[in-house]
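Residue-level listing of the chains:
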Amino acid sequence: MGKPQLHSIHVHPVKAFRALPRQEAVVEPWGLAGDRRWVLVDDGGKIVTQRQQPRLALAAAGLLPDGGVRLSAPGAAPLTVPVPAPGDTVLVDVFGTKVEGVPGDPAAHAWCSAYLDADVRLVHMDDPASRRPVDPEYALPGETVSFADGYPLLLASAASLDALNSLIAEGPYAAEGPLPMNRFRPNVVVTGTDPWAEDGWSRVAIGEVTFRIPRACGRCVVTTTDQGTAERGREPLHTLGRHRRLKDGLVFGQNLVPQSGGTIRVGDPVRVLA
């Protein structure tokens, strides 16, 4: 087995939209630059993700240099959405936590609502340094996060995916496998490790940037959504429930919080510090 290294980087400009591959990315305290700074909300202010709308898997958002996004989706003409000017904020309900954000322009709301056939708005996180703290049960003072589920980055291991796919192949829903890594929507994917080795990590360095690992990532129904068709199945939750039911839920991957800044690049060495 080779030495652990960074195999791929993925940024999601709009939460729940398709990931963008990157060869390198700047690591900010609240996540990769441009990652999940935009989110859809319903008419009550709750975030809308692939949990409610699996068709979001087919929508894409290109990231513009100033932080704006270029939206595209099947059957819809592309739309460029600029970063909104500072102004009145709205409350965004992120799994019960209220977070302030700035609404995008009305054309963005109309585009997203037409695509989903639902009343939604596109909201931008203008100041991630202050808007949303990491879960205090697992955070250090001052740590913040974008509109990601709970933590600035998510790490997944290629060896663990191979092991999971082997388990799926032995089960009753073997026809659904093997699953690709995009089911788990990670920010960083590492190679050169043993399966599930990441369960024992608490601090890692990727290139020049160090991270702490506060907890494993419990998985939800989004992982059962085929990111190429938006159709749902039973895996990987069925197999995770049988083989990976740990204290943090049905676990695949590890959450990361940056402890330093810098740029990570595909091919960077990954070092386990603790």
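The following paragraphs examine the structure supplied in this document. (Residues numbered from 1 in each chain as written. Predicted model: local features only at pLDDT ≥ 70, side-chain atom pairs only at ≥ 80, totals over all residues. Heavy atoms only, no water.)

We now examine the pairing of strand S7 (residues 60–63). Here S7 runs beside strand S8 (residues 69–73); their pairing, made up of 4 bridges, is antiparallel. Within the sheet, the bridge partner assigned to Ala61 lies in S8 and is Leu71. Turn length for the S7-S8 hairpin, with the two strands adjacent in sequence and antiparallel, is 5 residues, and the turn residue Gly67 shows positive phi of about 100 degrees. (Pairing = 2+ DSSP bridges. Helix = DSSP H or I, 4+ residues; strand = E, 2+ residues; numbered from the N terminus.)

Judged by nonpolar contacts, the single largest core of 23 residues is most densely connected at Val14, Phe17, Leu40, Leu71, Val81 and Leu122. Secondary-structure elements contributing two or more residues to this core are strand S5 (38–41), S8, strand S9 (76–81) and helix H1 (106–116). Broken down by element, the residue count for this core peaks at 5 residues, all from H1. Residues contacting Phe17, with those up to four places away along its chain left out, are His12, Leu40, Leu56, Ala59, Ala60, Ala61, Leu71 and Arg185. In terms of nonpolar packing, the next biggest core, distinct from the first, is built from 19 residues, Leu6, Val27, Leu153 and Phe211 among them. (Core = buried A, V, L, I, M, F, W, Y, C linked by side-chain atoms within 4.5 Å. Buried < 20%, exposed > 50% of the residue type's maximum accessible area, 1.4 Å probe, protein only. Contact = heavy atoms within 4.5 Å.)

What follows covers the sheet that holds strand S4 (residues 31–32). Strand order in this open sheet of 3 strands is S4-S3-S20, and the pairing throughout is antiparallel. Here the strands that pair on one side only, and so sit at the sheet edges, are S4 and strand S20 (262–265). Pairing of strand S3 (residues 24–28) with S4, which is carried by 2 bridges, proceeds in the antiparallel orientation. Along S4, the bridge assignment pairs Glu28 with Gly31.

Let's shift gears to the layout of surface pockets. Considering only enclosed or pocket space, the largest pocket measures out at about 750 Å³ in volume. In this structure, the largest pocket is lined by 35 residues; those nearest its centre are Arg51, Phe95, Ala148, Asp149 and Gly150. Residue assignment for the lining of the largest pocket shows that the elements contributing at least two residues are strand S13 (153–157) and strand S17 (216–218). Among the residues forming the lining of the largest pocket, the class breakdown is 16 nonpolar, 8 polar and 11 charged. (1 Å grid on protein atoms, 1.4 Å probe; cavity = no way out; pocket = protein on both sides within 12 Å on 5 of 7 lines; lining within 4 Å. Points joined across faces, edges and corners; volume = space filled by probe spheres on them. Nonpolar A, V, L, I, M, F, W, Y, C, P; charged D, E, K, R; others polar.)

Position of Asn182 relative to the elements: it lies in the loop between helix H2 (158–169) and strand S14 (188–191). Owing to a relative accessible area of 40%, Asn182 belongs among the partly exposed residues under this scheme. Along the backbone, Asn182 and Arg18 are 164 residues apart, and their C-alpha atoms lie at a distance of 9.0 Å.

It is worth spelling out the pairing of strand S19 (residues 249–258) at this point. Here S19 lies mainly inside the structure; 9 of its 10 residues are buried. The sheet contact formed by S13 and S19 spans 3 bridges and is antiparallel. Its bridge partner being in S19, Leu154 is matched across the sheet by Asn255. Sheet analysis places strand S16 (residues 209–212) next to S19, joined by 2 bridges and oriented antiparallel. The residue of S19 that forms the bridge with Phe211 is Pro258. Two elements, S17 and S19, share 2 bridges in a ladder whose sense is antiparallel. Residue pairing in the sheet places Ala216 in a bridge with Gln254 of S19. As paired strands, strand S18 (residues 245–246) and S19 are joined by 2 bridges and run antiparallel to one another. Residue Arg245 lies in a different strand from S19, and its bridge partner there is Leu250. If you look at the hairpin formed by S18 and S19, you'll find 2 residues sitting between the two strands.

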